[in-house]
Amino acid sequence: MADILYTYKNQVYANITNLCDCRCEFCIRSHENGVGDAETLWHKVDPTLEEIIAAMDAFDFNGYNELVYCGYGEPTCALENLVKSAEYAKEKYGVTVRVNTNGLGNLYHGKDIVPTLAKVTDAVSISLNAPTKEEYTRVTRPKFENAFEAMLDFAAECEKMIPQVKMTVVDVLSEEDIKASRELAESIGVELRVRKYT
Ligand code: SF4
């Protein structure tokens, strides 16, 4: 079985699904089988809630204050397992929870999932990727036509209900595009974080 919990740079991550509704041109999944101490992050079959909880119970959370849902897939595609396992981890291991997401969960599920997500999420990091719909669509190749608008709406909803919300771009963008991305994020009340390309 693939690693469900793995560590990378002193942070623990939960890899709960390989489903994703984007095909980002930069996605690490296309050129590596794992990250950090994970041998592989490809599940033969996505883990059940029981398997996720068993992986948590087998992990030593000493020294880790935060659990990040981020793996070889979009964590909100496994919303029910995300929420139930996050509840378990918060209650049993006292961690806070961050979700790294493409922000398309409302489109994927056909409903507003933010109130559900907000019950267990202390921080959310949403991939903005680019400041325009055209560029966003080119690099993320989403399954849904109105993904860019839906991702922005999702971020605005998160801002109302989740304590820490950030949108991210990678520092391969031009200074002009980073500035435009920052203005766009701030126009919906969200801080932009510029990540280093690795
Ligand atoms: S949203 Fe994340 S997991 Fe999905 S293709 Fe893009 S980078 Fe990969």
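Conventions we followed
- Residues numbered from 1 in each chain as written.
- Predicted model: local features only at pLDDT ≥ 70, side-chain atom pairs only at ≥ 80, totals over all residues.
- Heavy atoms only, no water.
- Helix = DSSP H or I, 4+ residues; strand = E, 2+ residues; numbered from the N terminus.
- Rg over C-alpha atoms; globule rule 2.2 N^0.38 Å.
- Buried < 20%, exposed > 50% of the residue type's maximum accessible area, 1.4 Å probe, protein only.
- Contact = heavy atoms within 4.5 Å.
- Areas by Shrake-Rupley, 256 points an atom, 1.4 Å probe, with all protein chains shown as cover.
- Polar contact = N/O pair within 3.5 Å; in protein donor to acceptor, adjacent residues only side chain to side chain.
- Expected span 1.5 Å × (residues − 1).
- Near = heavy atom within 4 Å.
- Nonpolar A, V, L, I, M, F, W, Y, C, P; charged D, E, K, R; others polar.
- Pairing = 2+ DSSP bridges.
- Axes fitted to C-alpha atoms, helices over the stretch in contact; angles between N-to-C directions.
- Phe/Tyr/Trp six-rings, centres within 6.5 Å; stacked < 30°, edge-to-face > 60°.

### Things to note about the overall build of the protein chain
Helices and strands together make up the secondary structure of the protein chain, namely seven helices and seven strands. In sequence order, the protein chain lays out its α and β elements as β-β-α-β-α-β-α-α-β-α-α-β-α-β. For 198 residues, the compact-globule estimate of 2.2 N^0.38 gives 16 Å, and the C-alpha radius of gyration of the protein chain, at 16 Å, lies within 12% of that figure. For the protein chain, the C-alpha atoms occupy an extent of roughly 45 × 35 × 30 Å along the three principal directions. Expressed as a percentage of its 198 residues, the buried residues of the protein chain come to 48%. Across the protein chain, every contact between residues at least 6 apart in sequence was considered, and the portion connecting residues at least 24 apart equals 76%. Summed over its atoms, the accessible surface of the protein chain is roughly 10,200 Å², and 48% of this surface lies on carbon and sulfur atoms.

### Points about the side chain of Asn-15
Along the chain, the position of Asn-15 falls in the loop between β2 (11-14) and α1 (49-57). Here the side chain of Asn-15 touches Asp-3 through a polar contact of 2.9 Å, landing on its backbone oxygen. Those residues within four positions of Asn-15 in sequence are excluded, and the remaining contacts are Asp-3, Ile-4, Tyr-6, Leu-41, His-43, Pro-47, Cys-70, Gly-71 and Tyr-72.

### Observations concerning unusual backbone geometry
Phi at Asn-10 takes a positive value of approximately 60°, unusual for a residue other than glycine. Residue position: Asn-10 is located in the loop between β1 (5-8) and β2. In the Ramachandran plot, Asn-129 falls in the positive-phi region, its phi being about 70° despite a non-glycine side chain. Positionally, Asn-129 belongs in the loop between β5 (123-127) and α5 (133-140). Exposure remark for Asn-129: the relative accessible area of 12% places this residue in the buried category.

### Focus on helix α2 (residues 79-93)
A rise of 1.5 Å per residue sets the reference length of α2, with its 15 residues, at 21 Å; its end C-alpha atoms lie 20 Å apart and thus fit the reference within 8%. Buried within α2 we find Leu-79, Asn-81, Leu-82, Val-83, Ser-85, Ala-86 and Ala-89. Residues of α2 that are buried make contact with α1, β3 (66-69), β4 (96-101), α3 (105-109) and α4 (114-118). Positive backbone phi, at 65°, marks Gly-94, one or two positions downstream of α2.

### Some remarks on the site of the ligand
Neighbouring the ligand are Cys-20, Cys-22, Cys-24, Phe-26, Cys-27 and Asn-102. Of the residues contributing to the shell around the ligand, the split by class is five nonpolar, one polar and no charged.

### Comments concerning the sheet that holds strand β7 (residues 191-195)
Here seven strands make up an open sheet; going across it, the order is β1-β2-β3-β4-β5-β6-β7 and the pairing mixed. Whereas interior strands pair on both sides, the edge strands pair on one side only; in this sheet they are β1 and β7. Taking each pair of neighbouring strands and ignoring which way they run, the sheet shows an average axis angle of 30°. Relative to β5, β4 runs parallel, the two sharing four bridges. Note that in β5 the partner of Thr-101 across the bridge is Ile-126.

### A look at the packing of aromatic side chains
In the structure shown here, the tally under the stated rule is seven aromatic pairs. Ring centres of Tyr-6 and Tyr-13 lie 5.2 Å apart, and the angle between their planes is 20°; on these two criteria the pair is classed as stacked. For Tyr-13, a relative accessible area of 13% gives the class buried. Seen in terms of ring centroids, Tyr-88 and Tyr-93 are 6.3 Å apart; in terms of plane orientation they differ by 70°. Their pairing is edge-to-face. An aromatic cluster is present here, built from Phe-59, Phe-61, Tyr-64, Tyr-88 and Tyr-93 joined pairwise through their rings.

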